[in-house]
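This is what each chain is made of:
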Amino acid sequence: MDKRTADIYEILETVMDPEIPTISLVDLGIVTAVEWEQENPHVKLTPTFSGCPALRFMEQMVHEKLLESGYKMPKVSSSFEVAWNTNMISEKGLQALKKHGLAPPPKHAGYIELDVLSDIACPLCDSRNTTLQTPFGPTLCRSMHYCKHCHNAFEAFKPVT
Amino acid sequence: MELTERHVEGLKELLYKMADDLLILGHRNSEWTGLGPVLEEDIAFSSMAQDKLGQSLAMFELLHELGENIPDIVAFTRNDKQFHNCHLVEMPIGEYDFSLARHFFYDHADALRFAMLENSSFEGLSMISRKFKGEIKYHTMHADVWMKQLSYGTEESKARMQSAINEVFPLALGIFEEGEFEAELIEAGIFIGETALKAQWLEKVGTELHKYGYTLPDPEAVIPALGGRKGFHTEHLQPLLNEMSEVFQIDPGADW
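First, a word on scope: everything that follows refers to the structure included in this document. (Residues numbered from 1 in each chain as written. Chains lettered and ligands numbered in written order. Predicted model: local features only at pLDDT ≥ 70, side-chain atom pairs only at ≥ 80, totals over all residues.)

**Some words on the overall build of chain A**
Within chain A one finds four helices and seven strands. In chain A, the order of α-helices and β-strands from amino to carboxyl end is α-α-β-β-α-β-α-β-β-β-β. Along the first, second and third principal axes, the C-alpha set of chain A runs to 55 × 25 × 25 Å. For chain A, with 161 residues in total, the buried portion stands at 37%. Sequence-distant contacts, at least 24 apart, represent 52% of the contacts inside chain A between residues at least 6 apart. (Helix = DSSP H or I, 4+ residues; strand = E, 2+ residues; numbered from the N terminus. Buried ≥ 20, exposed ≤ 12 C-beta atoms within 10 Å, placed from the backbone. Contact = placed C-beta atoms within 7 Å.)

Below, the structure is given as C-alpha cells:
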C-alpha cells in the first residue's frame, strides 16, 4: 500500500459505524478499495447486508470526513463487487464489538449452521453456557441470546457467509 | 458469448420477476410487524422483510444499469398488469400457518435459485447472488425450525401445518412458470432454467418435509397457480400496490 492510500485508511479508522460507535468502518471490513483519480481518492465500500439502511449514511460520513481532511473532490461508492462476510472484521474490530456489549461472530468456513449460534461466548462473563433466543435481532446484523451462567440476555453480531 | 437483443430481453424478464417476487413478499412480510404471535417472530418477519426489500433494490439497480427506469419509479408507479411476481407472494398473510408455509416454500426456492445464479455468466447477477447467500441462509433456517417445531408440537399444530402446506403448494409451483426466453437464458449461461430449478426444489422441500413427518402433495395432482409471470394476477395485488405506493403518490417528486 502506498503512502497516500495508507493515509486514507488511517483517516477512515476514525469513521465509526453509526449503530456501533466502537468499531470503525475499516475494522468492520467494509472498505474494500481506495483508488486514485489524480489527487482525488475514490473509496469503495461494500454493504454488510443488502437491506442495511445505514449504508447511504456511511457513504456520506466518509465523504464528509475526507472533505474535512483536505481532499478537494473525494468520491465514495458502494457495490457488491466484494461480498462482505463476518470473517472480514479485523481482530481489533472483534474486540470493539465486545466493548459495545456485542458478542463477536465466530470465524466460519463458508457455511453457517444453527449450531454455531447456540454456544456463542457471553460478552459479559465469557461463559459458553448460552442459548440462542432468536437469530433475528434489533438490527439485521444481530442475533439475541441468553447466558445461563450470568443470567443476562445479550446480543451477538451474527456470523454471515 | 456476445449477447443478442433476445438475451438481454430474457435477462430483464428474469430480473423483473425475481425483483417483483422479493418486493411483494417483502411487503407482505412487513405486514407482520406489530402483529407477530410472539415478539421474536414479529422481529423475524420484519427482518426478513428488510432483507427482501434490500435484495429487490439491488436487482432494480441492475435493471437500471440495463436501461430501465430508476428503482423508485419502477417499484411505485406500475400497475398490477406490469408486475411479474408469482401469485404465491401476493396472497394476503392469512393465519400464521399460511405465512410460514409460504415462507418455507418460497425461501427454499430462493436459496436454490441464487445458489445457481452464483455461476451466472451475467456478472451483476453472480455478484449479488454471492452476497444474498448469507442472508437467505437465515431465512431457510428460520422456516425449517418452525416446520419442525410445529410438527412436534400438538396434533392440532401438525394438522394445521399440513393443511397450510396443501393449500400453499399449488401456489408455490407458480414460482417456476416459464418465461418466453428460457432457451436464450440457458444458452447464454445466464440461468439454468425454471425446469431444472423446480426439480431441485421438489427434492429439497420433499426431503425437509418428510424429515418432520409431513407429506408433500403430488405435483402432478394439483393445478399450479400460473399467470403471474405474464401479468395476470389475483384481486389481491392491486390493493397491495395502492397501499405500498401511497406515500410516494402524494408527492412523486419529493426529495428525501
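Once you've had a look at it, read on.
**A closer look at the interface of chain B and chain A**
Contact residues are listed per partner, giving 22 residues for chain B and 17 residues for chain A. Listed by contribution, the elements that provide at least two residues to the side of chain B that touches chain A are α2 (39–65) and α6 (123–151) of chain B. Taken together, the residues of the side of chain B that touches chain A break down into nine nonpolar, six polar and seven charged. (Nonpolar A, V, L, I, M, F, W, Y, C, P; charged D, E, K, R; others polar.)

**Side note on the environment of B:Ile73**
In this structure, B:Ile73 sits in helix α3 (residues 71–76). Spatially, the C-alpha atoms of B:Ile73 and B:Leu22 are 16 Å apart, while their sequence positions differ by 51 residues.

**Quick notes on the packing of helix α1 (residues 5–30) of chain B against α2(B)**
Residues and elements named next belong to chain B. Two elements in contact, α1 and α2, have axes whose closest approach is 8 Å; the angle formed by their N-to-C orientations is 155°. When the interaxial angle is binned, α1 and α2 end up roughly antiparallel. Seen along the crossing, α1 lies across α2 with a hand that is left-handed. From α1, Lys12, Leu15, Tyr16, Met18, Ala19, Leu22, Leu23, Leu25, Gly26, Asn29 and Ser30 reach across to α2, where they touch Phe45, Ser46, Met48, Ala49, Lys52, Leu53, Gln55, Ser56, Met59, Phe60, Leu62 and Leu63. (Axes fitted to C-alpha atoms, helices over the stretch in contact; angles between N-to-C directions. Parallel < 35°, antiparallel > 145°, perpendicular 65-115°, else oblique. Left-handed = near helix turned anticlockwise from the far one by under 90°.)

**Some thoughts on the sheet that holds strand β3 (residues 75–78) of chain A**
Residue and element names in this part refer to chain A. Read from one edge to the other, the open sheet built from three strands follows the order β1-β2-β3, with strand pairing classed as mixed. Looking at strand neighbours, the two that pair on one side only are β1 (31–37) and β3, the edges of this open sheet. Strand after strand, the sheet turns through a mean of 20° between neighbouring axes, direction not considered. Each of β2 (40–45) and β3 is contacted by helix α3 (residues 55–68), which is oriented at about 160° to β3, the strand it contacts most. (Pairing = 2+ DSSP bridges.)

**Describing the environment of B:Phe248**
Examined against the element boundaries, B:Phe248 turns out to sit in helix α11 (residues 246–250). Apart from residues lying up to four places away in sequence, B:Phe248 is in contact with B:Asp72 and B:Phe76.

**Details of unusual backbone geometry**
Residues and elements named next belong to chain A. The backbone of Asp126 shows a phi angle near 70°, a positive value even though the residue is not glycine. Checked against the element boundaries, Asp126 lands in the loop between β4 (102–103) and β5 (130–134). A positive phi angle, close to 60°, is found at His151, a residue other than glycine. Relative to the helices and strands, His151 is located in the loop between β6 (142–147) and β7 (153–157). Residue classification places His151 among the exposed positions, given that 9 C-beta atoms sit within 10 Å.

**Focus on the pairing of β6(A)**
All names here are of chain A. Where β5 meets β6, four bridges bridge the pair, whose relative direction is antiparallel. Among the inter-strand pairings, Thr130 is bridged to a residue of β6, identified as Cys147. One ladder, built from five bridges, connects β6 with β7; its direction is antiparallel. Residue pairing for β7: Arg142 is matched across the bridge by Phe157. Linking β6 back to β7 in an antiparallel pair, the connection comprises five residues, with His151 at a positive phi of about 60°.

**Details of the nonpolar core**
All names here are of chain B. In this structure, Leu88 and Ala172 are the most contacted members of the largest nonpolar core, which totals 102 residues. No other element matches α1, which puts 10 residues into this core. The contacts of Ala172, once residues within four sequence positions are left out, are Leu88, Phe105 and Tyr106. (Core = buried A, V, L, I, M, F, W, Y, C linked by C-beta atoms within 7 Å.)

**Some details on the environment of B:Glu184**
Positionally, B:Glu184 belongs in helix α8 (residues 182–187). The contact partners of B:Glu184, leaving out residues within four places of it in the chain, are B:Arg6, B:His7 and B:Gly10.

**Some points on the sheet that holds β6(A)**
Residue and element names in this part refer to chain A. Here four strands make up an open sheet; going across it, the order is β4-β7-β6-β5 and the pairing mixed. On the outer flanks of this sheet lie β4 and β5, each paired with one strand and no other. The pairing of β4 with β7 spans two bridges and is parallel. Within the sheet, the bridge partner assigned to Leu102 lies in β7 and is Glu155.

**So, α3(A)**
Residue and element names in this part refer to chain A. For α3, built from 14 residues, the straight-helix expectation of 20 Å at 1.5 Å per residue is met to within 8% by its first-to-last C-alpha distance of 20 Å. Residues of α3 that are buried make contact with α1 (3–12), α2 (25–28), β2 and β3. Backbone geometry just after α3 places Gly70 at a positive phi near 100°. (Expected span 1.5 Å × (residues − 1).)

**Some points on α6(B)**
For α6(B), which comprises 29 residues, the first-to-last C-alpha distance of 41 Å matches the rise-based estimate of 42 Å (1.5 Å per residue) to within 8%. Most pronounced at B:Lys133, the bend in α6(B) amounts to some 40°. (Bend = angle between axes of the 7 residues up to and from the residue.)

**Thoughts on the packing of helix α5 (residues 96–117) of chain B against α6(B)**
Residue and element names in this part refer to chain B. Put simply, α5 and α6 touch, their axes get as near as 8 Å, and they point 150° apart. Compared by their axis directions, α5 and α6 come out roughly antiparallel. α5 and α6 meet at a crossing whose hand is left-handed. On the side of α5, the interface is formed by Leu100, His103, Phe104, Asp107, His108, Asp110, Ala111, Phe114, Ala115 and Leu117, while α6 contributes Leu125, Ser126, Ser129, Phe132, Lys133, Ile136, His139, Thr140, Ala143, Trp146 and Met147. The residue makeup of the contact of α5 with α6, split by class, is 12 nonpolar, six polar and three charged.

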